[in-house]
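So the chains spell out like this:
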Amino acid sequence: MDAELSRRLLTLLDHVEHWLPPTPVDVNWERDVAALWQRHPLGGRLVPVPPRDALSLNDLLGIERQKRALIDNTRAFLQGHPANHALLWGSRGSGKSSLVRALLNSLATEGLRLVQVDRHDLAGLPTLVEQLRHQPHSFVVYCDDLSFEGHDDAYKALKSVLDGTLTGPPPNVLLYATSNRRHLLPESMSDNEGSRLVGDELHHGDAVEEKISLSDRFGLWLGFRPFNQETYLKTCRHWVGQLGHGDDWDPEAGDAAVRFATLRGGRSGRVAWQFACQWVGARRLDTER
(Lines give C-alpha, C1' and ligand atoms only; values in the text may rest on other atoms or scores of the structure.)
Protein backbone atom coordinates (compact mmCIF):
# COMPACT_ATOMS: atom_id res chain seq x y z
CA MET A 1 0.00 0.00 0.00
CA ASP A 2 1.52 3.32 -1.06
CA ALA A 3 1.67 6.31 1.27
CA GLU A 4 -1.07 8.28 -0.56
CA LEU A 5 -3.60 5.45 -0.34
CA SER A 6 -2.74 4.91 3.31
CA ARG A 7 -3.27 8.60 4.03
CA ARG A 8 -6.65 8.64 2.27
CA LEU A 9 -7.84 5.55 4.15
CA LEU A 10 -6.89 7.11 7.47
CA THR A 11 -8.76 10.29 6.53
CA LEU A 12 -11.82 8.23 5.63
CA LEU A 13 -11.68 6.40 8.97
CA ASP A 14 -11.46 9.71 10.81
CA HIS A 15 -14.67 10.84 9.12
CA VAL A 16 -16.70 7.66 9.73
CA GLU A 17 -15.39 6.71 13.16
CA HIS A 18 -18.06 8.67 15.04
CA TRP A 19 -20.77 6.77 13.11
CA LEU A 20 -19.54 3.43 14.39
CA PRO A 21 -21.13 1.95 17.52
CA PRO A 22 -19.05 2.19 20.70
CA THR A 23 -16.94 -0.76 21.72
CA PRO A 24 -19.38 -3.14 23.42
CA VAL A 25 -19.00 -4.24 27.01
CA ASP A 26 -19.55 -7.97 27.17
CA VAL A 27 -22.39 -9.18 29.37
CA ASN A 28 -21.41 -11.85 31.84
CA TRP A 29 -24.69 -13.55 32.67
CA GLU A 30 -23.13 -15.36 35.61
CA ARG A 31 -22.55 -11.94 37.18
CA ASP A 32 -24.99 -9.58 35.45
CA VAL A 33 -28.71 -10.08 35.99
CA ALA A 34 -30.01 -7.28 33.76
CA ALA A 35 -29.09 -5.62 30.47
CA LEU A 36 -30.40 -3.07 28.00
CA TRP A 37 -30.77 -3.90 24.32
CA GLN A 38 -29.54 -1.07 22.12
CA ARG A 39 -30.19 -1.26 18.41
CA HIS A 40 -27.90 0.48 15.92
CA PRO A 41 -27.54 0.44 12.12
CA LEU A 42 -25.10 -2.48 12.27
CA GLY A 43 -27.34 -4.67 14.43
CA GLY A 44 -27.59 -4.33 18.17
CA ARG A 45 -25.80 -4.95 21.44
CA LEU A 46 -26.48 -5.79 25.06
CA VAL A 47 -25.29 -3.36 27.71
CA PRO A 48 -25.14 -4.71 31.28
CA VAL A 49 -26.82 -2.59 33.96
CA PRO A 50 -27.07 -3.07 37.72
CA PRO A 51 -30.52 -3.43 39.29
CA ARG A 52 -32.08 0.00 39.78
CA ASP A 53 -32.92 -0.51 43.45
CA ALA A 54 -33.58 -3.10 46.14
CA LEU A 55 -37.37 -3.00 45.74
CA SER A 56 -38.90 -6.23 47.02
CA LEU A 57 -42.21 -7.92 46.32
CA ASN A 58 -43.23 -7.25 49.92
CA ASP A 59 -42.97 -3.51 49.23
CA LEU A 60 -45.80 -3.70 46.68
CA LEU A 61 -49.17 -3.48 48.39
CA GLY A 62 -52.65 -3.73 46.96
CA ILE A 63 -51.71 -5.99 44.03
CA GLU A 64 -51.53 -9.39 45.72
CA ARG A 65 -53.40 -11.26 42.97
CA GLN A 66 -51.20 -9.80 40.23
CA LYS A 67 -48.02 -10.56 42.21
CA ARG A 68 -48.96 -14.19 42.78
CA ALA A 69 -49.93 -14.76 39.15
CA LEU A 70 -46.70 -13.27 37.78
CA ILE A 71 -44.50 -15.05 40.33
CA ASP A 72 -46.10 -18.40 39.56
CA ASN A 73 -45.79 -17.85 35.80
CA THR A 74 -42.13 -16.84 36.10
CA ARG A 75 -41.20 -19.69 38.43
CA ALA A 76 -42.82 -22.18 36.07
CA PHE A 77 -40.71 -20.70 33.26
CA LEU A 78 -37.50 -20.87 35.31
CA GLN A 79 -38.15 -24.52 36.15
CA GLY A 80 -38.70 -25.48 32.53
CA HIS A 81 -42.49 -25.79 32.69
CA PRO A 82 -44.96 -24.18 30.25
CA ALA A 83 -45.45 -20.45 30.87
CA ASN A 84 -47.08 -17.50 29.14
CA HIS A 85 -45.92 -14.16 27.83
CA ALA A 86 -47.41 -11.52 30.14
CA LEU A 87 -49.08 -8.16 29.54
CA LEU A 88 -49.44 -5.92 32.60
CA TRP A 89 -51.93 -3.21 31.74
CA GLY A 90 -53.96 -0.61 33.58
CA SER A 91 -53.91 2.74 35.31
CA ARG A 92 -50.73 4.76 35.58
CA GLY A 93 -48.60 4.44 38.71
CA SER A 94 -50.36 1.29 39.87
CA GLY A 95 -47.24 -0.88 40.18
CA LYS A 96 -46.82 -2.53 36.77
CA SER A 97 -43.17 -1.59 36.19
CA SER A 98 -42.33 -1.87 39.88
CA LEU A 99 -43.61 -5.44 39.90
CA VAL A 100 -41.20 -6.44 37.12
CA ARG A 101 -38.27 -4.79 38.96
CA ALA A 102 -39.18 -6.47 42.23
CA LEU A 103 -39.56 -9.78 40.42
CA LEU A 104 -35.98 -9.55 39.14
CA ASN A 105 -34.66 -8.64 42.59
CA SER A 106 -36.46 -11.63 44.12
CA LEU A 107 -35.87 -14.30 41.48
CA ALA A 108 -32.40 -13.45 40.13
CA THR A 109 -30.94 -16.02 42.54
CA GLU A 110 -33.24 -18.63 40.97
CA GLY A 111 -31.80 -17.93 37.51
CA LEU A 112 -33.95 -15.09 36.17
CA ARG A 113 -32.25 -12.65 33.79
CA LEU A 114 -33.90 -9.52 32.40
CA VAL A 115 -33.31 -7.70 29.12
CA GLN A 116 -35.14 -4.39 28.65
CA VAL A 117 -36.00 -3.24 25.13
CA ASP A 118 -37.18 0.26 24.32
CA ARG A 119 -40.28 0.48 22.14
CA HIS A 120 -38.28 2.28 19.44
CA ASP A 121 -35.84 -0.64 19.28
CA LEU A 122 -38.47 -3.35 18.75
CA ALA A 123 -37.47 -3.73 15.10
CA GLY A 124 -34.33 -5.44 16.38
CA LEU A 125 -36.26 -7.83 18.62
CA PRO A 126 -35.84 -10.89 16.35
CA THR A 127 -32.07 -10.32 16.36
CA LEU A 128 -32.01 -10.09 20.15
CA VAL A 129 -34.06 -13.27 20.57
CA GLU A 130 -31.69 -15.16 18.31
CA GLN A 131 -28.75 -14.00 20.43
CA LEU A 132 -30.44 -15.29 23.57
CA ARG A 133 -31.59 -18.57 22.06
CA HIS A 134 -28.35 -20.42 22.72
CA GLN A 135 -27.59 -18.96 26.14
CA PRO A 136 -27.84 -21.34 29.13
CA HIS A 137 -30.00 -18.90 31.12
CA SER A 138 -33.69 -18.01 31.27
CA PHE A 139 -34.54 -14.52 30.00
CA VAL A 140 -37.51 -12.24 30.36
CA VAL A 141 -37.39 -9.66 27.56
CA TYR A 142 -39.19 -6.65 28.96
CA CYS A 143 -40.72 -3.61 27.26
CA ASP A 144 -41.97 -0.87 29.57
CA ASP A 145 -44.84 1.49 28.76
CA LEU A 146 -45.58 -0.25 25.49
CA SER A 147 -48.04 1.35 23.09
CA PHE A 148 -48.17 2.13 19.40
CA GLU A 149 -49.67 4.79 17.20
CA GLY A 150 -51.77 3.94 14.20
CA HIS A 151 -48.94 4.57 11.69
CA ASP A 152 -46.34 2.69 13.75
CA ASP A 153 -45.26 -0.65 12.24
CA ALA A 154 -42.88 -1.61 15.06
CA TYR A 155 -45.60 -3.77 16.60
CA LYS A 156 -45.27 -6.21 13.70
CA ALA A 157 -41.83 -7.31 14.93
CA LEU A 158 -43.33 -7.95 18.37
CA LYS A 159 -46.22 -9.94 16.88
CA SER A 160 -43.79 -12.02 14.86
CA VAL A 161 -41.64 -12.92 17.87
CA LEU A 162 -44.61 -13.63 20.13
CA ASP A 163 -46.35 -16.11 17.88
CA GLY A 164 -45.87 -15.44 14.22
CA THR A 165 -42.80 -17.22 12.91
CA LEU A 166 -42.08 -20.83 12.12
CA THR A 167 -39.74 -21.19 15.08
CA GLY A 168 -41.37 -18.87 17.61
CA PRO A 169 -39.48 -17.64 20.67
CA PRO A 170 -36.97 -20.13 22.13
CA PRO A 171 -37.91 -21.99 25.33
CA ASN A 172 -35.52 -19.83 27.38
CA VAL A 173 -37.19 -16.50 26.44
CA LEU A 174 -40.46 -14.94 27.64
CA LEU A 175 -41.78 -11.48 26.82
CA TYR A 176 -43.28 -9.24 29.51
CA ALA A 177 -44.73 -5.82 28.69
CA THR A 178 -46.42 -3.04 30.62
CA SER A 179 -48.91 -0.62 29.11
CA ASN A 180 -51.72 1.74 30.00
CA ARG A 181 -53.64 0.27 27.04
CA ARG A 182 -55.07 -3.22 27.10
CA HIS A 183 -54.93 -3.59 23.32
CA LEU A 184 -51.67 -1.60 22.91
CA LEU A 185 -52.91 0.12 19.74
CA PRO A 186 -55.19 3.17 19.59
CA GLU A 187 -58.84 2.47 18.81
CA SER A 188 -61.05 4.91 16.94
CA MET A 189 -64.77 5.05 16.21
CA SER A 190 -64.13 4.30 12.55
CA ASP A 191 -62.52 0.97 13.49
CA ASN A 192 -65.93 -0.31 14.56
CA GLU A 193 -67.62 0.49 11.26
CA GLY A 194 -66.77 -2.97 9.98
CA SER A 195 -68.32 -4.74 12.97
CA ARG A 196 -71.60 -6.54 12.34
CA LEU A 197 -74.15 -8.75 14.03
CA VAL A 198 -74.48 -12.32 12.77
CA GLY A 199 -77.47 -13.71 14.58
CA ASP A 200 -76.79 -12.91 18.21
CA GLU A 201 -73.01 -12.76 17.77
CA LEU A 202 -70.88 -9.63 17.28
CA HIS A 203 -68.21 -10.04 14.62
CA HIS A 204 -65.49 -7.41 14.58
CA GLY A 205 -64.14 -5.92 11.38
CA ASP A 206 -60.59 -6.31 10.15
CA ALA A 207 -59.37 -3.10 11.82
CA VAL A 208 -60.49 -4.19 15.28
CA GLU A 209 -59.23 -7.75 14.77
CA GLU A 210 -55.79 -6.42 13.81
CA LYS A 211 -55.57 -4.34 16.97
CA ILE A 212 -56.80 -7.09 19.27
CA SER A 213 -54.48 -9.67 17.71
CA LEU A 214 -51.34 -8.15 19.26
CA SER A 215 -52.41 -8.18 22.90
CA ASP A 216 -54.14 -11.52 22.30
CA ARG A 217 -50.72 -13.13 21.84
CA PHE A 218 -49.90 -12.52 25.49
CA GLY A 219 -51.27 -15.53 27.35
CA LEU A 220 -51.30 -13.83 30.75
CA TRP A 221 -53.20 -10.55 31.14
CA LEU A 222 -52.91 -8.78 34.49
CA GLY A 223 -55.07 -5.71 35.03
CA PHE A 224 -54.16 -2.95 37.50
CA ARG A 225 -56.72 -0.57 38.96
CA PRO A 226 -56.48 2.70 40.94
CA PHE A 227 -56.19 2.23 44.70
CA ASN A 228 -59.08 2.79 47.06
CA GLN A 229 -58.36 5.11 49.97
CA GLU A 230 -57.68 2.31 52.47
CA THR A 231 -55.04 0.70 50.24
CA TYR A 232 -53.54 4.07 49.36
CA LEU A 233 -53.12 5.08 53.02
CA LYS A 234 -51.69 1.65 53.87
CA THR A 235 -49.13 2.09 51.10
CA CYS A 236 -48.29 5.63 52.26
CA ARG A 237 -47.71 4.34 55.78
CA HIS A 238 -45.47 1.55 54.49
CA TRP A 239 -43.24 3.92 52.52
CA VAL A 240 -43.08 6.50 55.29
CA GLY A 241 -41.87 3.72 57.56
CA GLN A 242 -39.32 2.57 54.97
CA LEU A 243 -37.93 6.03 54.31
CA GLY A 244 -38.16 7.42 57.83
CA HIS A 245 -39.10 6.16 61.26
CA GLY A 246 -42.23 4.66 62.75
CA ASP A 247 -43.11 7.89 64.54
CA ASP A 248 -43.21 9.77 61.20
CA TRP A 249 -46.69 8.34 60.61
CA ASP A 250 -49.46 9.91 62.67
CA PRO A 251 -52.99 11.26 62.11
CA GLU A 252 -51.51 14.42 60.65
CA ALA A 253 -49.62 12.35 58.09
CA GLY A 254 -52.80 10.53 57.11
CA ASP A 255 -54.66 13.79 56.52
CA ALA A 256 -51.73 15.17 54.52
CA ALA A 257 -51.65 11.99 52.40
CA VAL A 258 -55.33 12.39 51.51
CA ARG A 259 -54.79 16.02 50.52
CA PHE A 260 -51.73 15.05 48.46
CA ALA A 261 -53.73 12.46 46.49
CA THR A 262 -56.55 14.95 45.94
CA LEU A 263 -54.13 17.48 44.47
CA ARG A 264 -52.58 14.81 42.25
CA GLY A 265 -55.99 13.70 41.00
CA GLY A 266 -55.72 10.04 41.94
CA ARG A 267 -54.53 7.36 44.35
CA SER A 268 -51.82 4.90 43.36
CA GLY A 269 -48.62 3.31 44.57
CA ARG A 270 -46.61 5.98 42.76
CA VAL A 271 -48.53 8.79 44.47
CA ALA A 272 -48.02 7.05 47.83
CA TRP A 273 -44.25 6.89 47.20
CA GLN A 274 -44.14 10.54 46.18
CA PHE A 275 -46.07 11.57 49.28
CA ALA A 276 -43.71 9.58 51.51
CA CYS A 277 -40.67 11.26 49.93
CA GLN A 278 -42.18 14.70 50.51
CA TRP A 279 -43.40 13.98 54.04
CA VAL A 280 -40.25 12.30 55.35
CA GLY A 281 -38.01 14.87 53.64
CA ALA A 282 -39.91 17.74 55.26
CA ARG A 283 -39.75 16.02 58.66
CA ARG A 284 -35.99 15.55 58.38
CA LEU A 285 -35.54 19.22 57.49
CA ASP A 286 -37.62 20.29 60.48
CA THR A 287 -35.50 18.24 62.87
CA GLU A 288 -32.29 19.74 61.48
CA ARG A 289 -33.37 23.35 61.94
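Residues numbered from 1 in each chain as written. Predicted model: local features only at pLDDT ≥ 70, side-chain atom pairs only at ≥ 80, totals over all residues. Heavy atoms only, no water.

## As for the packing of aromatic side chains
Heads up, the rule is: Any Phe, Tyr or Trp ring, taking Trp's six-membered ring, that has another such ring centre within 6.5 Å forms a pair; planes under 30 degrees apart are called stacked, those over 60 apart edge-to-face, and the others tilted. Going along the chain from the N terminus, every DSSP run of H or I of four or more residues is numbered as a helix, and every run of E of two or more is numbered as a strand.
As enumerated under the stated definition, the model contains four aromatic pairs in all. Where Trp-239 meets Trp-273, the ring centres are 5.0 Å apart and the plane angle is 85°; that geometry is what we call edge-to-face. With Trp-239 in helix α7 (residues 229–243) and Trp-273 in helix α9 (residues 269–288), this residue pair connects regions lying 34 residues apart in the sequence. Among the aromatic residues, those joined into a ring-pair cluster are Phe-260, Phe-275 and Trp-279.

## Thoughts on the side chain of Asn-172
To be explicit about the condition: Throughout this description, buried means an accessible area under 20% of the type-specific maximum (1.4 Å probe, protein chains only), exposed means over 50%, and partly exposed covers the range between. Contacts described as polar in this section are N or O atom pairs within 3.5 Å, which, within protein, must combine one atom able to donate a hydrogen with one able to accept it, while residues neighboring in sequence count only if both atoms come from side chains.
Tracing the backbone through its elements, the reader meets Asn-172 in the loop between α5 (155–163) and β6 (173–179). Overall, Asn-172 belongs to the buried group, its relative accessible area being 10%. Polar side-chain contacts of Asn-172 include one of 2.8 Å to the backbone oxygen of Leu-132. Of note is the side chain of Asn-172, whose polar atom sits 3.2 Å from the backbone oxygen of Gln-135.

## Digging into the environment of Leu-87
Inspection of the secondary structure assignment puts Leu-87 in strand β3 (residues 86–90). It is 9.3 Å that separates the C-alpha atoms of Leu-87 and Arg-217, two residues lying 130 residues apart in sequence.

## A word on helix α8 (residues 251–264)
The following threshold applies: Each helix should span, by expectation, one fewer than its residue count multiplied by 1.5 Å. This arc describes the spread of directions from the helix axis toward the C-beta atoms. Should any heavy atoms of two residues lie within 4.5 Å, those residues are considered in contact.
In a regular helix each residue adds 1.5 Å, so 14 residues correspond to 20 Å; α8 covers 20 Å between its end C-alpha atoms and thus fits that length. The set of residues buried in α8 consists of Ala-253, Gly-254, Ala-256, Ala-257, Phe-260 and Ala-261. Projected onto a plane normal to the axis of α8, the buried residues spread over an arc of 165° and lie on a single side. Among the exposed residues of α8, those pointing more than 90 degrees away from its buried face are Pro-251, Glu-252, Arg-259, Thr-262 and Leu-263. Tucked inside the fold, the buried residues of α8 contact α7 and α9. Residue Gly-265 follows α8 closely and has a positive phi angle near 80°.

## Details of unusual backbone geometry
With a phi angle near 55°, Asp-145 is a residue other than glycine that sits in the positive phi range. Of note, Asp-145 is situated in the loop between β5 (138–143) and α5.

That is the geometry; function is a separate question.
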